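# Fold and geometry: a report
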Amino acid sequence: MSKTLHHGLLLLRVLSEQQQGLTVSELADAISVHRTVAHRLVRTLEAHQLCRRDHQRRIVLGTGLVSLAEPVQQDLRALARPVLDELAESTGATAHLLVQEGAALMRALMVVEPRGALVHVSFRPGQTHSIEQGSGGVAVLAHGPYRDGERAEVTEARTKGYAVTTGEVIPAVTGVSAAVPSGNGTAAASIGVSVFEYTDLDQLGTMVARAARSLGELLG
């Protein structure tokens, strides 16, 4: 294993979890290397636009990561499209795929509206909100281990296999989401639906959880 590459990847992971950025010294401590090693790593990653310095000279993630992630997101969209189409049509509700962005945000990567529905929720791909709010973020948090002080909704979602929240992202709208499992047992995405009302949320949750598992199997 390349120790330098290993430390560079660790550095990027640490930065993804620290939205406010870190100093070089803090990065060195976080990945257990000497400050001069951290400085060289930062300079190399800066050259490839994978990290940058903000107005306070703290190190944050760079825009070069967007171009690296785009092909992965395209593959994810291609695999998710038929799953979302089927979920939207079977529930008559707007279906969506959310992905975790850093440690604190969820971003709407895809939104599919049902054909022929008289009333449905509409929102744009690209919207972000806190991972602590909305069923999509709650579902991702619930896929992880218990955290002291976590919301009751997270604990309940861990038991049920899907999360339900109302009015947290869009007023008066109920979201039902399930985490998309990955091969290593973690989850950084969720599939869900948004509805104004639904008579059987348990049934809806079961359908959403099934769709999330299906996408997880496609992703391998």
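What you see is a predicted model; the values in this text were computed from it and never measured.

## Some words on helix α7 (residues 201-219)
Since there are 3.6 residues in each turn of an α-helix, residues three or four apart along the chain are aligned in direction. The terminal C-alpha atoms of α7 lie 27 Å apart, and with 19 residues this matches the ideal 27 Å at 1.5 Å per residue to within 8%. Every buried residue of α7 is accounted for by L204, G205, M207, V208, A209, A211, A212, L215 and G216. G220 sits one or two positions beyond α7 and adopts a positive phi of about 75°.

## Quick word on the UniProt feature "domain: HTH iclR-type" (unreviewed entry) in the protein chain
Taken from the UniProt record, the annotation "domain: HTH iclR-type" (unreviewed entry) applies to residues 2-63. Each end of residues 2-63 is marked by a C-alpha atom, and these two atoms are 25 Å apart; helix forms 56% of the span and strand 10%.

## A look at unusual backbone geometry
Even without being a glycine, Q49 presents a positive backbone phi close to 60°. By secondary structure assignment, the location of Q49 is in the loop between α3 (35-47) and β1 (51-53). The backbone of R57 sits at a positive phi, close to 70°, despite the residue not being glycine. Tracing the backbone through its elements, the reader meets R57 in the loop between β1 and β2 (59-61).

## So, the sheet that holds strand β7 (residues 174-179)
Strand order in the open sheet formed by 6 strands is β5-β4-β3-β8-β7-β6, and the pairing between neighbours is antiparallel. The open sheet has two edge strands with one neighbour each: β5 (128-130) and β6 (163-166). The average undirected angle you get between the axes of adjacent strands in this sheet is 30°. Sheet topology note: the strand β4 (residues 105-112)/β5 ladder contains 3 bridges and is antiparallel. Across the sheet, residue L105 finds its bridge partner in β5, namely S130. Packed onto the sheet, α7 meets β3 (94-101), β6, β7 and β8 (189-195) and runs at close to 35° relative to β7.

## Some remarks on the packing of helix α2 (residues 24-31) against α3
The geometry of α2 relative to α3 is characterised by a closest axis approach of 8 Å and an angle of 105° between their N-to-C directions. When the interaxial angle is binned, α2 and α3 end up roughly perpendicular. Facing α2, whose interface residues are V24, S25, L27, A28 and I31, α3 presents R35, A38, H39, L41 and V42. In terms of residue class, the contact of α2 with α3 is built from 7 nonpolar, 2 polar and 1 charged.

## Considering the pairing of β8
Counting buried residues in β8 gives 7 out of 7 residues, a clear majority hidden from the surface. Here β8 shows two buried faces, one formed by A189, I191, V193 and V195 and the other by S190, G192 and S194. Looking at chain direction, β3 and β8 are connected through 6 bridges and run antiparallel. When the sheet's bridge partners are listed, L98 is paired in β8 with S190.

## What about the pairing of β6?
Here β6 shows a clear split, with A163 and T165 buried on one side and none of V164 and T166 buried on the other. Relative to β7, β6 is paired through 4 bridges, and the arrangement is antiparallel. Paired with T166 across the bridge in β7 is T174.

## Topic: the environment of V208
Position of V208 relative to the elements: it lies in helix α7. For V208, a relative accessible area of 0% corresponds to the buried category. For the pair V208 and L84, spaced 124 residues apart in the sequence, the C-alpha separation amounts to 9.6 Å. Ignoring sequence-local partners within four residues, the contact set of V208 consists of L87, V176, S177, A178, I191, G192 and V193.

## With respect to the packing of helix α1 (residues 3-16) against α2
Axis separation between α1 and α2 bottoms out at 10 Å; the angle between their running directions is 115°. Overall, the two elements α1 and α2 adopt an arrangement that is roughly perpendicular. As for the relative orientation of α1 and α2, their crossing is right-handed in sense. Listed contacts from α2 to H7, L10, L11, V14 and L15 of α1 are L27, A30 and I31. For the contact of α1 with α2, a count of residues per class yields 7 nonpolar, 1 polar and no charged.

Conventions used here
- Numbers given to residues run from 1 along each chain, matching the order in which its sequence is written.
- Local features are withheld for residues below a pLDDT of 70 in this predicted model, meaning they are given only at 70 or higher, and side-chain atom pairs are given and counted only at 80 or more; totals for whole chains, interfaces and linings count all residues.
- Neither water nor hydrogens contribute to the side-chain values; these are computed over all heavy atoms in the structure.
- Secondary structure follows DSSP: runs of H or I at least 4 residues long count as helices, runs of E at least 2 residues long count as strands, and numbering of each begins at the N terminus.
- Expected span, for any helix, means 1.5 Å times one less than how many residues it has.
- Exposure is judged per residue with a 1.4 Å probe applied to protein chains only, and the accessible area is read against the type maximum: over 50% gives exposed, under 20% gives buried, and values in between give partly exposed.
- UniProt positions are given in the numbering used here, feature names are shortened, and annotations may be inferred rather than shown by experiment.
- Pairing between strands is defined by DSSP: at least two bridges between them are needed.
- Helix axes use the C-alpha atoms of the stretch in contact, all axes being lines fitted to C-alpha atoms, and the angles between their N-to-C directions lie in the range 0 to 180 degrees.
- Whether two residues are in contact is decided by their heavy atoms, any of which lying within 4.5 Å being enough.
- Here the angle decides the label: under 35 degrees means roughly parallel, over 145 means roughly antiparallel, 65 to 115 means roughly perpendicular, and every other value means oblique.
- Amino acids outside the nonpolar list (Ala, Val, Leu, Ile, Met, Phe, Trp, Tyr, Cys, Pro) and the charged list (Asp, Glu, Lys, Arg) are all regarded as polar, and Gly is one of them.
- Take the far helix as the reference: if the near one is turned anticlockwise from it by less than a right angle, the crossing is left-handed, and if turned clockwise, right-handed.

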